[in-house]
Amino acid sequence: MTKYQVTFEIDAHGTRVDEIIEATTDWRAVLIAQQKRRDEGKAGYVVDC
């Protein structure tokens, strides 16, 4: 599997957080990262992969 860096913007100040996810495709990495953040109760939306 390939490692993808999924970047989330977490607040109005432009603070960004990167998640490293292993997945078969980039869109799958985004879905996995979003689910992981939701499960942990963290805010943010994807701005780059």
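The structure we're discussing is the one just above.
A. Looking closely at the packing of aromatic side chains. Considering all chains together, one arrives at zero aromatic pairs under this definition. The ring of F8 carries R37 above its face, with NZ or CZ at 4.9 Å from the centroid.

B. A look at the pattern of salt bridges. In the structure shown here, the tally under the stated rule is four salt bridges. Across the salt bridge formed by K42 and E40, the nearest N and O atoms sit 3.1 Å from each other. Take K42: its relative accessible area is 44%, and that puts it in the partly exposed class. Bridged by salt links that share partners, the residues E19, K36 and R37 form one connected network.

Definitions and limits used
Residues numbered from 1 in each chain as written. Predicted model: local features only at pLDDT ≥ 70, side-chain atom pairs only at ≥ 80, totals over all residues. Heavy atoms only, no water. Phe/Tyr/Trp six-rings, centres within 6.5 Å; stacked < 30°, edge-to-face > 60°. Lys NZ or Arg CZ within 6 Å of the ring centre and 35° of its normal. Salt bridge = Lys/Arg side-chain N within 4 Å of Asp/Glu carboxyl O. Buried < 20%, exposed > 50% of the residue type's maximum accessible area, 1.4 Å probe, protein only.

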